[in-house]
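Listed below, chain by chain, are the residues.
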Amino acid sequence: MKIMVLFDLAHAVNPDQSFSPESLKQQDKPTEASVLECLARLGHEVETLAVYDNVTAIVEKLKACAPDLVFNLTESFLHDRSHEPNIPALLDLMKVRYTGSGPDALMLCKDKALAKKVLAYHHVRLPNFVVSRQTHPLRHLRRFTYPAFVKPVGEESSDGISKASFARDESEALERVKYIHQKFNCDVLIEEYIEGRELYLSVLGNHRLTVFPPREIFFEQMPEDAPKFATYHAKWNEKYREKWGIKNGPAKELPERVPQHLEQLAKKVYRLLKIRGFGRIDVRLTPAGEVFVIEANPNPSLAEDEDFAQSAADAGVKYDALVQEILNAASA
Ligand SMILES: Nc1ncnc2c1ncn2[C@@H]1O[C@H](COP(=O)(O)OP(=O)(O)O)[C@@H](O)[C@H]1O
Ligand SMILES: [Mg+2]
């Protein structure tokens, strides 16, 4: 197939510039590099297009190249994540096939509060929550139970998540709410903090879904009584991960019946939020064996060392086969 790999850059770029896996690695784009190498191994004819702010360039280049399919790796436009859904929306208007989720799933999941409302309607178990709006910041949190967890409504990759996201009382929570409003200029979610193990459920497909074996994040060197969650440093800072023994790996043994429940739950959430192609549902399992959904990720990272690809590998699905499956599931 003739495939165009579409991805975003944080600066303006000439639409005619093409990228090799090496140049992408140098620009700190390991996922794009892996996908490019993989598509070449699979025997596809590959072109690249980097986007920053130029819509016309996307339209013109797609017309000129007429690819069979776009491999959509964009996560933002004009350095703004809230535009992520608009790229597949444009591809829909141009009747171009693309991998991964459409604008509907991206829009639903990017607003974590909205996604939670949809899931709550369908009786999916979630942490209780309130929203503090940017235009009307909350001044009190009446009857909220603590500890609470405070996060931006529309960020990803643990942006805005630090130790201070964990709030033991109303004043700590409100302080963090104020900080997030100021720093991210967005609505803020205050959630019930769910103590427990954190599991990642990777799902592949459209109608018939495959759920790969759960992955787990481990905090091996952290004090027993410290709250453990995936802060920005815990996810991305290798030194910090080493210091606190933070590792992602196949989930350790799970209580009876929990694996079946996780599989059904992952499929249910995936379908309710209209995710397509591939997605990752993040949950927490309490010591009492209850599962709470934390968030759903359409178009999760496809880096070879990240949980989605690793979860497929745990099931014996190698990276190339996984990428080919994602191509097969591309929108019609
Ligand atoms: N309600 C919660 N209770 C406990 N931990 C939470 C809660 N919400 C988020 N977290 C922790 O914060 C991390 C990041 O939150 P998440 O909503 O997944 O944001 P992101 O989109 O940045 O990944 C989670 O992986 C989890 O460790
Ligand atoms: Mg997450």
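Look above for the structure.
If you're wondering where the values come from, they're calculated on a predicted model, not measured in any experiment. (Residues numbered from 1 in each chain as written. Chains lettered and ligands numbered in written order. Predicted model: local features only at pLDDT ≥ 70, side-chain atom pairs only at ≥ 80, totals over all residues.)

Novice: I'm lost on the overall build of the protein in this one. Help?
Specialist: Secondary structure assignment for the protein yields 12 helices and 13 strands. Its C-alpha atoms give the protein a radius of gyration of 20 Å, near enough to 20 Å, the size a compact globule of 332 residues would have. Principal-axis analysis of the C-alpha atoms gives the protein an extent of 60 × 45 × 40 Å. Burial statistics for the protein: of 332 residues in total, 37% are counted as buried. For the protein, the share of sequence-separated contacts (at least 6 apart) that also reach a separation of at least 24 residues comes to 70%. (Helix = DSSP H or I, 4+ residues; strand = E, 2+ residues; numbered from the N terminus. Rg over C-alpha atoms; globule rule 2.2 N^0.38 Å. Buried ≥ 20, exposed ≤ 12 C-beta atoms within 10 Å, placed from the backbone. Contact = placed C-beta atoms within 7 Å.)

Novice: Is there a simple way to explain unusual backbone geometry in this structure?
Specialist: Excluding glycine, a negative phi dihedral is what most residues carry, and trans is how most peptide bonds are arranged. Pro-147 follows Tyr-146 through a cis peptide bond whose omega is 0 degrees. Tracing the backbone shows Pro-147 in the loop between strand 4 (129–132) and strand 5 (148–152). The phi torsion at Ala-66 lies on the positive side, around 45 degrees, for a residue other than glycine. Counting through the fold element by element, Ala-66 comes out in the loop between helix 3 (55–65) and strand 3 (69–72). The class of Ala-66 is exposed, set by 9 C-beta atoms lying within 10 Å.

Novice: Sorry, what's going on with the environment of Asp-111 here?
Specialist: Mapped onto the elements, Asp-111 comes out in the loop between helix 5 (103–110) and helix 6 (112–121). On the basis of neighbour count, Asp-111 is assigned to the partly exposed category, with 18 C-beta atoms found within 10 Å. Remark: the alpha-carbon pair of Asp-111 and Asp-187, spanning 76 residues in sequence, is separated by 9.4 Å.

Novice: When you look at the site of ligand 1 in this model, what are you seeing that I'm missing?
Specialist: Near ligand 1 you find 19 residues, and of these Pro-127, Glu-191, Ile-194, Phe-229 and Ala-230 are the closest. Elements with a minimum of two residues in the shell around ligand 1: strand 5, strand 12 (277–285) and strand 13 (291–298). When grouped by side-chain class, the residues that make up the shell around ligand 1 number 8 nonpolar, 2 polar and 9 charged. Counting contributing residues per domain, the shell around ligand 1 is built from domain 2 (128–192) and domain 3 (195–328), each supplying no fewer than three. (Near = placed C-beta within 6 Å. Nonpolar A, V, L, I, M, F, W, Y, C, P; charged D, E, K, R; others polar. Domains from an automatic or database assignment.)

Novice: For this particular structure, what's the right way to read the sheet that holds strand 5?
Specialist: Remark on secondary structure: sheet strands pair via backbone hydrogen bonds, oriented parallel or antiparallel. Pairing in this open sheet of 4 strands is antiparallel, and the strands run 4-7-5-6 from one edge to the other. Two strands in the sheet have a free side with no partner beyond their single neighbour: strand 4 and strand 6 (166–167). (Pairing = 2+ DSSP bridges.)

Novice: Quick question: what am I supposed to make of the environment of Phe-129 here?
Specialist: Looking at where Phe-129 falls in the secondary structure, it is placed in strand 4. Given 18 C-beta atoms within a 10 Å radius, Phe-129 is considered partly exposed. Separated by 12 residues in the primary sequence, Phe-129 and Lys-117 place their C-alpha atoms 10.0 Å from one another. Setting aside its immediate chain neighbours within four residues, Phe-129 contacts Ala-113, Lys-116, Leu-189, Ile-190 and Glu-191.

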